[in-house]
Amino acid sequence: MWNGFKFGLLILIVLSICSGCASRYQFNNEQNDIDIGAREHLKELDVVILIRSEGLALPKPEKSNVSSSTGGGAIPALVDAFINNNRTATHEELNTLVKESLTDIDHATLLKTELEEKFKRITWSKLKNIKILHLEPDWYKKGNLVQDLIDESSASAVMLLNSYTVISQDYDLMKDNLGVIIYPINSNLYQYKMKLNNDPKNSLEDNIFRQSFLVETTIGNLDDQEENAKYISSDGNIKFKADLQKSVETLITKLIDGMLSTSKKDVD
C-alpha cells in the first residue's frame, strides 16, 4: 500500500499538473514560501530534476462528436469513425515530424545549467549536488523513490524539480511547466513545514517550499496545424531551441524569485 508520502508526491508531480482543456495540464495552486527563519538552517540543497520518459507532451486528436450532436445512429457513427481515423493519422504524422526534430534538445540539462547560474543570487544557501533522474513509466509504484532520495542526502534539504513541456493542439503554443518542492532534512527546519503534524509518515505537507511556474511561448503563428508543425522543425529547429532556452531562463528566474520571496511572511 502506498504510504502518505508517496501518495502526496504523486499528487504533486502527476495529478496536480494534469487537467485543463487547451494544454491538458495545469498546476495545483496551493503554494508555500520559505520562511525567513528557515534561511539560517538551509545551508545546502541537493537538487533532483525529475524527467519523465514521455518527454514533450504532443497534441492528441480531438474526438469527433457528430454522433452525439445528432442523436446517434449508424451513419453519424461512421462519420465519426472516418473523421477520427483521419485526425489520428494526421497527428501521428505531425508528432513524428516534431519528435524527430527535437531529439537533440536536452531540457533537463538546460534547467541544470540555468539553475547553477541563477542560484548565485541566493546568498544564504548553496547547491551541493544536482542530479538528473529519468523516470521509468509507473515509477511511483516501484518503491518509495523520494524517501530514498531524502535518505541518501546529507544536505540541509532536498529540492525536487518536475518539468513538463506541452505543445498545444494547433502546434502554435508551448507551455513550459515547472513544479518545485523542498523537503527538509535538517531537523531545525521541521518547524517551518507547510503544516506541522505529529504523523510519523511523511506527506506532501511536510515541505518547506512549494511553488509551480508556467511560461507560455508562441511557437507558430499560422492557422494550419501542419504548417505550424513544420515551422517548429524548420531550419534545424533553431528558433524552437532558442524559445525553449528563453523559457527555461524565465522558469528558473521565477523559481529564484520565489525562493527569495517573503510575501507571505511580510503580511504578518
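Everything discussed here concerns the structure shown above.
A brief structural summary. (Residues numbered from 1 in each chain as written. Predicted model: local features only at pLDDT ≥ 70, side-chain atom pairs only at ≥ 80, totals over all residues. Heavy atoms only, no water.)

1. Details of the overall build of the chain
Just so we agree on the cut-off: In this description a helix means any DSSP run of H or I spanning at least four residues, a strand means any run of E spanning at least two, and both kinds are numbered starting from the N terminus. Three exposure classes are used, based on accessible area relative to the maximum for each residue type with a 1.4 Å probe and protein chains only: buried under 20%, partly exposed in between, and exposed over 50%. We call two residues in contact whenever any of their non-hydrogen atoms come within 4.5 Å of each other. We get accessible surface area from the Shrake-Rupley algorithm with a probe of 1.4 Å; when it comes to residues, only the shown protein chains can shield them.
In terms of helices and strands, the chain carries 8 helices and 5 strands. N-terminal to C-terminal, the α/β element order of the chain is α-β-α-α-α-β-α-β-β-β-α-α-α. Every one of the 268 residues in the chain was classed for burial, and the buried ones make up 46%. Put simply, of all contacts in the chain between residues at least 6 apart along the chain, 76% involve residues at least 24 apart. Accessible surface computed for the chain: about 13,800 Å², of which carbon and sulfur atoms make up 51%.

2. Section: the pairing of strand S4 (residues 173-184)
Rule in force here: Between any two strands, at least two bridges found by DSSP are needed for them to pair.
Along S4, 12 of the 12 residues are buried, which leaves the element largely enclosed by surrounding structure. Alternating residues of S4 divide into Leu173, Lys175, Asn177, Gly179, Ile181 and Tyr183 and Met174, Asp176, Leu178, Val180, Ile182 and Pro184, and every residue in both groups is buried. The pairing of strand S3 (residues 157-167) with S4 spans 11 bridges and is classified as antiparallel. Bridging from a neighbouring strand, Ile167 pairs with Met174 of S4. Connecting S3 to the next strand, S4, in antiparallel fashion are 5 residues, including Tyr171 with a positive phi near 60°.

3. Side note on the pattern of salt bridges
Applied cut-off: Should a side-chain nitrogen of Lys or Arg be within 4 Å of a carboxyl oxygen of Asp or Glu, the pair is scored as a salt bridge.
One pass over the structure, following the stated rule, counts 10 salt bridges. For Asp257, the salt bridge goes to Arg121, with nearest N and O atoms at 2.8 Å. Separated by 136 residues along the polypeptide, Asp257 in helix H7 (residues 238-260) and Arg121 in the loop between helix H4 (107-118) and strand S2 (126-135) bring together distant segments of the chain. Assessed through its relative accessible area of 37%, Asp257 is described here as partly exposed. Lys239 is the partner of Asp243 in a salt bridge, and the nearest nitrogen-oxygen pair spans 2.8 Å. Taken as a pair, Asp243 and Lys239 lie in helix H7 at a separation of 4 residues, close to a single helical turn. Looking at Asp243, the relative accessible area reads 15%, which means it is buried.

4. Things to note about the side chain of Asp176
We count it as follows: As used in this structure description, the phrase polar contact means that two N or O atoms lie within 3.5 Å; if the pair is within protein, one of them must be able to donate a hydrogen and the other to accept it, and residues adjacent in sequence are counted only when both atoms belong to side chains.
For Asp176, the location among the structural elements is in strand S4. Asp176 sits in the buried class, given a relative accessible area of 0%. Within polar-contact distance, the side chain of Asp176 engages the side chain of Thr165 at 2.7 Å. Asp176 has contacts with His107, Tyr164, Thr165, Phe213, Leu214, Val215, Leu244, Ser247, Val248 and Leu251, leaving out every residue within four places of it along the chain.

5. Examining the packing of aromatic side chains
Rules: Here a pair means two rings of Phe, Tyr or Trp (six-membered ring of Trp) with centres within 6.5 Å. Their orientation is stacked below 30 degrees between planes, edge-to-face above 60, and tilted elsewhere. The criterion for a charge sitting over a ring is simple: Lys NZ or Arg CZ within 6 Å of the ring centre, and within 35 degrees of the ring normal.
Taken as a whole and judged by the stated rule, the model has 0 aromatic pairs. The ring of Tyr190 carries the charged tip of Lys193 above its face, separated from the ring centre by 4.5 Å.

6. Regarding the packing of H4 against H7
Convention followed: Fitting a line to C-alpha atoms yields each axis, with helices limited to the stretch in contact; the angle taken between N-to-C directions then spans 0 to 180 degrees. Angle categories are assigned with fixed cut-offs, so that under 35 degrees is roughly parallel, over 145 is roughly antiparallel, 65 to 115 is roughly perpendicular, and the rest are oblique. Throughout, a crossing is termed right-handed when the near helix is turned clockwise from the far one, and left-handed when it is turned anticlockwise from it by less than a right angle. Each residue is assigned to one class: nonpolar for Ala, Val, Leu, Ile, Met, Phe, Trp, Tyr, Cys and Pro, charged for Asp, Glu, Lys and Arg, and polar for all the others, Gly among them.
Direction vectors running N to C along H4 and H7 enclose 45°, while the axes themselves pass 9 Å from each other. What the angle tells us is that H4 and H7 run oblique. In the packing of H4 onto H7, the handedness of the crossing is right-handed. Together, His107, Leu110, Leu111, Glu114, Leu115 and Lys118 of H4 and Leu244, Gln245, Val248, Glu249, Ile252, Thr253, Leu255 and Ile256 of H7 make up the contact between the two elements. In terms of residue class, the contact of H4 with H7 is built from 8 nonpolar, 3 polar and 3 charged.

7. Considerations on the side chain of Lys118
Looking at the secondary structure, you find Lys118 in helix H4. Judged by its relative accessible area of 19%, Lys118 is buried.

8. Here's the deal with H4
Test applied: What a helix should span is 1.5 Å times the count of its residues minus one. Starting at the helix axis, one direction is taken to each C-beta atom, and the arc is that of these directions.
With 12 residues, H4 ought to run about 16 Å at 1.5 Å a step, and its terminal C-alpha atoms sit 16 Å apart, in line with that. Every buried residue of H4 is accounted for by His107, Ala108, Leu111, Glu114, Leu115 and Lys118. For H4, the angular spread of buried residues about the axis comes to 135°, placing them on one side. If you follow the buried residues of H4, they end up packed against strand S1 (44-52), S2, S3, S4 and H7. For H4, the N-terminal capping position is held by Asp106, with its side-chain oxygen 3.3 Å away from the main-chain nitrogen of Ala108.

9. Some details on the sheet that holds S2
Sheet strands line up and pair through hydrogen bonds in the backbone, either parallel or antiparallel. Taken together, the 5 strands give an open sheet; going across it, the order is S2-S1-S3-S4-S5, and neighbouring strands pair in mixed fashion. Each of the sheet's edge strands pairs with one partner strand only, and the pair in question is S2 and strand S5 (209-218). In this sheet, neighbouring strand axes are inclined to one another by 20° on average, regardless of whether the strands run parallel or antiparallel. Sheet strands in contact with H4 are S1, S2, S3 and S4, and its direction is about 175° off that of S2. This element, H7, spans S1, S3, S4 and S5 of the sheet and lies at about 150° to S5.

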